[in-house]
There are 2 protein chains.
Amino acid sequence: MDEVKVIEIKKSVFADNDKDADLLRKELKDSGVYLLNLMSSPGSGKTTTLIKTINLIKDKIRVAVMEADIDSDVDAVKIKEATGIPSIQLHTGGMCHLDAEMTRQGLANVDLKDADLVILENVGNLVCPAEFDTGAVRNAMILSVPEGHDKPLKYPLMFSVCDLVVVNKIDVLPYFDFDMEKCREYVHMRNPKAQIIPICAKTGEGVEKLAEWILNEVKNWKNN
Amino acid sequence: MDEVKVIEIKKSVFADNDKDADLLRKELKDSGVYLLNLMSSPGSGKTTTLIKTINLIKDKIRVAVMEADIDSDVDAVKIKEATGIPSIQLHTGGMCHLDAEMTRQGLANVDLKDADLVILENVGNLVCPAEFDTGAVRNAMILSVPEGHDKPLKYPLMFSVCDLVVVNKIDVLPYFDFDMEKCREYVHMRNPKAQIIPICAKTGEGVEKLAEWILNEVKNWKNN
């Protein structure tokens, strides 16, 4: 099994996270690094989605991943083994989210000179991570079919702050009462501009659309 | 649609939640009310599980439900319509958990003279709710098959504080890489005494075991 670097993240001392996040975004812009913040519930398939997506884009742009978790380093190891790209594990020490300063602590362990895109896999949680700007250019989230199409009604802030909602595990649509049209309606109720990309990370279905979205994002951001 | 009472919960002012939780537990014991704290990820099937279980026990003991949610009152309405028992909605105002004082605010709106058991459906989240003692006699959680058997590795505290782990959605076991034996192993790594009950809330499979667990719990607690 590959070894990955495990970083123990300390609690932030910054009082104004929004200001700190703006500063981090500017620093990353100066370094030419696009930061994507990926959020979801536990078990929605973030890591599998990342692996499939990274394997589609890693020959076009340089990617690194930071895996945030309360405990364990299984995700960072999986990413490294399956994609070969740099992957580090952030331990949040029980904390339920990452803010900008905690993200900066993680980024200090990434070789930013060798990265066009850093993907932050946030703690699996639909509540707290939505409240803290990490300094990312965009927030994206994964909603998996078994969780149900009503989640935008119950976790409004998460769906409001995300520019992209990936609907994962569409292979099991026949076995769940998941209404994709209602899902679209509820997502757009929270954020009318949110893009929705249905995929199945396990089979790879739809993942090329997600890869395309990411490549376009990074390209447009670099040119602006 | 039935109307349900919606309570806007205020942030706690108590400094020592553990002490407050012990006090609430004592108050409830004096009132003869057993409080069960039910936790899980978003979309694991808490509400459907509650409906099926309550319909099996409501003729034997008097049950009331408090549904905690960031927003919306869909769960409390569903419970009331499907079971006929008293059900209120607690709005946490964006907060990711309930503590003892917040639970007490909710209980003030339940007719405790007419209840043997109050079930608190906590906010869908595997991180924060585990950190706060609500004053419940027991903590239970639902882990659904699509979330994966590795969750006890990633959310250690949640599995440590739960006396019962209900494994829901076993009807879709053939479509997911979920290893029930590994699940048992990982759950017991966190809490060797935890009971595990596999169910399918949708079809009702196994729910009678959950009902039996609850009835025994309430009976033993009343007799002690």
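Residues numbered from 1 in each chain as written. Chains lettered and ligands numbered in written order. Predicted model: local features only at pLDDT ≥ 70, side-chain atom pairs only at ≥ 80, totals over all residues. Heavy atoms only, no water.

(A) Up close: the sheet that holds strand β2 (residues 34-40) of chain B. All names here are of chain B. One open sheet accounts for eight strands, arranged β1-β4-β3-β5-β2-β6-β7-β8; its pairing is parallel. Each edge of the sheet is formed by a strand with only one pairing partner; in this case those strands are β1 (6-8) and β8 (195-198). Shown here is a sheet whose adjacent strand axes are inclined to one another by a mean of 20°, direction ignored. Note: β2 against strand β6 (residues 138-144), five bridges, orientation parallel. Residue pairing across strands places Met 39 opposite Met 141, the latter belonging to β6. (Pairing = 2+ DSSP bridges. Helix = DSSP H or I, 4+ residues; strand = E, 2+ residues; numbered from the N terminus. Axes fitted to C-alpha atoms, helices over the stretch in contact; angles between N-to-C directions.)

(B) Highlighting the confidence of the model for chain A. Across chain A, pLDDT averages 93, with 96% of residues at or above 70. Confidence estimates for the predicted assembly give a pTM of 0.89 and an ipTM of 0.84. (pLDDT = per-residue confidence, 0-100.)

(C) Broad picture of the interface of chain B and chain A. Taken together, the contact between chain B and chain A spans 32 residues of the former and 32 residues of the latter. Summing both partners gives a buried area of about 2,500 Å² for chain B against chain A, and 57% of it is carried by carbon and sulfur. The tally of links between chain B and chain A comes to two salt bridges. Where chain B touches chain A, the interface holds nine residue pairs in polar contact (both at pLDDT 80 or more). Put simply, the parts of the chain that give the side of chain B that touches chain A at least two residues each are α3 (74-83) and α5 (151-154) of chain B. If one sorts the elements of the side of chain B that touches chain A by residue count, α5 of chain B sits on top with three residues. A class-by-class count of the residues in the side of chain B that touches chain A yields 15 nonpolar, six polar and eleven charged. (Contact = heavy atoms within 4.5 Å. Buried area = accessible area lost by both parts, 1.4 Å probe. Salt bridge = Lys/Arg side-chain N within 4 Å of Asp/Glu carboxyl O. Polar contact = N/O pair within 3.5 Å; in protein donor to acceptor, adjacent residues only side chain to side chain. Nonpolar A, V, L, I, M, F, W, Y, C, P; charged D, E, K, R; others polar.)

(D) Seen up close, the nonpolar core. Formed by 92 residues in total, the largest nonpolar core has its most connected members in Val 118, Met 158 and Val 167 of chain A together with Val 118, Met 158 and Val 167 of chain B. Setting aside chain neighbours within four positions, we find Val 167 of chain A in contact with Leu 143, Val 145, Phe 178, Met 180, Cys 183, Ile 196, Ile 197, Pro 198 and Ile 199 of chain A. (Core = buried A, V, L, I, M, F, W, Y, C linked by side-chain atoms within 4.5 Å. Buried < 20%, exposed > 50% of the residue type's maximum accessible area, 1.4 Å probe, protein only.)

(E) Structural view of the pairing of β6 of chain B. Residue and element names in this part refer to chain B. Counted residue by residue, β6 has six buried out of seven residues, so it is predominantly covered. Alignment of β6 against strand β7 (residues 164-168), held across five bridges, turns out to be parallel. When the sheet's bridge partners are listed, Ile 142 is paired in β7 with Val 166.

(F) Structural view of the side chain of Ser 144 of chain A. All names here are of chain A. Structurally, Ser 144 can be placed in strand β6 (residues 138-144). Under the relative-accessibility criterion, Ser 144 is labelled buried at 2%. Reaching out from Ser 144, the side chain makes a polar contact with the side chain of Glu 147 at a distance of 2.6 Å. Filtering out sequence-adjacent residues up to four positions away, Ser 144 remains in contact with Ser 44, Asn 168, Lys 169 and Phe 178.

(G) Focus on the packing of aromatic side chains. Taken as a whole and assessed by the stated rule, the structure comprises four aromatic pairs over all chains. Ring centres of Phe 176 of chain A and Phe 176 of chain B lie 6.4 Å apart, and the angle between their planes is 80°; on these two criteria the pair is classed as edge-to-face. Taken together, the positions of Phe 176 of chain A in the loop between β7 (164-168) and α7 (180-190) and Phe 176 of chain B in the loop between β7 and α7 (180-190) put the pair across two chains. Overall, the relative accessible area of 13% leaves Phe 176 of chain A in the buried class. The ring centre of Trp 221 of chain A lies 4.6 Å from the NZ or CZ of Lys 29 of chain A, which sits over that ring. (Phe/Tyr/Trp six-rings, centres within 6.5 Å; stacked < 30°, edge-to-face > 60°. Lys NZ or Arg CZ within 6 Å of the ring centre and 35° of its normal.)

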